[in-house]
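These are the residues of each chain, in order.
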Amino acid sequence: MKRLSFLFACVLLMFACSEAEPPTNTPVADPILTITSDTDIWVESEGGSGEITYTIENPQLGVSLTAKSSVDWITDVSVGQSVTYNVGENDTVEDRRGTIVLSYGDESRIVTIKQRSICNVNYEAMTTEGSLYYGGEGVYCYTVVLSTAGLSADGYLQPNSEYYYFDLYSDIPANGETATIPEGTYVQTQNSMFVSGDIDPTYSNLTITSDSDYDEIPFSSAKVVVTKSGIEAIVDFYDDERHRIVYSGSLEIPCYDPGQGGGSAGENLSTLTSDHLFDIEDGVFVGAYVGDLLGSGCNTCQVYLFEYLDYETGEERGDQFQIDLQLALGATDICGTYTEGTSVGHFIPGWAEDIGGQYVTQNSWYMTAGYVDFAPLVEGSVMVEKGESDLYIFTIDTVDDKGNAIKGVFKGFGEFMEW
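## So, the sheet that holds strand β3 (residues 48-52)
The sheet built from three strands is open, its strands ordered β3-β7-β6 with antiparallel pairing. Looking at the sheet topology across the chains shown, the edges are occupied by β3 and β6 (74-79). Neighbour to neighbour, the strand axes of the sheet diverge by 20 degrees on average, direction disregarded. Looking at chain direction, β6 and strand β7 (residues 83-87) are connected through four bridges and run antiparallel. For Thr75, the partnering residue across the bridge sits in β7 and is Asn86.

## Topic: unusual backbone geometry
For Asp240, which is not a glycine, the phi torsion comes out positive at approximately 70 degrees. With respect to the secondary-structure elements, Asp240 resides in the loop between β19 (230-236) and β20 (242-248). With phi around 65 degrees, Asp390 is a residue other than glycine that occupies positive phi space. Here Asp390 is to be found in the loop between β31 (379-386) and β32 (392-399).

## Remarks on the environment of Glu385
Mapped onto the fold, Glu385 is located in strand β31. Sequence-wise, Glu385 and Lys411 are 26 residues apart; in three dimensions their C-alpha atoms are separated by 9.6 Å.

Definitions and cut-offs
- Residues numbered from 1 in each chain as written.
- Predicted model: local features only at pLDDT ≥ 70, side-chain atom pairs only at ≥ 80, totals over all residues.
- Heavy atoms only, no water.
- Pairing = 2+ DSSP bridges.
- Helix = DSSP H or I, 4+ residues; strand = E, 2+ residues; numbered from the N terminus.
- Axes fitted to C-alpha atoms, helices over the stretch in contact; angles between N-to-C directions.

Shown next, in the form of C-alpha cells:
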C-alpha cells in the first residue's frame, strides 16, 4: 500500500513539473486587416447604402473589428461579416468627402467616401473637337469645347447636339502647333480680368443645336478641374439647374496664333485650312452707315451678309460676312468695286483688337454661324451691283491672312440704316 501511494505521488509530481515548464519560443503572428473592396468610393447626390468587405489574418481572442464614420452624413455604420453604412442625400452645391476607419487592435484601414453634389444632368463628353488655343502676352486662352458629337466634316456644329464651351485662362503657353490644356482648377468670374484660373463668362455657355438653329445658354457659375486624365466641370444655370460634364482623353488642342500684340492683318488670324468657295442665292443683308470710322474722310458702310437670317427669332445659319466699304462723305450708294485699303473705293482689311488676351474682330471678315470658322479679308476685291427689285449682288474675290481664297457670289435683299 505504501508502495502504491509512493508511485501515485511521483506521478502527481511529474505532472506538476510538466505544467510549470516555460512555453516554447514560437512567436505569435500579428493580425493583418485587409480591405477587399474599393477604398475610394464615389456616391451620387441622392445617397444610398454601401458595403465594405474585409479579411482578418491571424485573429486574436478578445479582439473585435470596429468601424467609425468621420462625418454625420455617413450613418448606420454596422460591423458584421462586412461593414455596412448609409449615405444621406447631398442637397448642397458642393461635392463632399468623409471617411470610415476600420480598426482591429493596432491595425487600421481608411475607406474614403466622396459624394457628388446634386446635379440634374451628368454628361459624358467624348471629344474636345472644336477647341482652340489663343496666344497672348502673359495670359493665354484655352477655348475648350466638350461634346459627344464633335464637328461635321466641313467644320460645322452637328445638328441636334449639345456643346459645352469654356474659355479657360492660364499663364502656361503652348509649345508648338498644338497646346495642352493646363492642369488646374478654373472658376468662372462675373467680370473676367483675364488672369490665370479664370473662366470668362462672355464666351462660356451650353450651345444646343437643332436641324436649323442653335441656342446659347449662359452659365451662372462654372468650375472646371483639369487633370492628366481628363476634365470634370460643374456648371450652374440661371434656372437653378446643375450639370456635371466629364471628359477622359487627350488634352491636346490646335493652336490659333493671332500674332504678337494682336493687330494688323497678315498675322494668321484665320481658322481656315483651305480655300472657301460659296454661291448664295437667297441671302439677306443689313448695311449700317457709321460715318468716318477711321478718321480718313470717308463714310464707312458696314455691310453684314447672312446666308440665312430670321429677323423675328434671330436664327442664323451658314456663311456670314462683315465688309466695311469706304464711301465718299455723304454718299450712300454702295454699288461699285472695292479693293483693300482705307480710302474711298476700298474695303477695310480685317484685323483683331487685343483687349487683354481676348481678340475682337474688326472691319472685314468671313465667318460661320456660331463662329466655328472665321477669317479676315485682307486682299482682293468686292464688287457690289444692284439688280431688279432691289436685289443686291456681291461678288467677293478675296484672300485671308493665310493665303486661302474666299470667293463666291452672294445674292440677297436687305436694308440700310444710320448707326
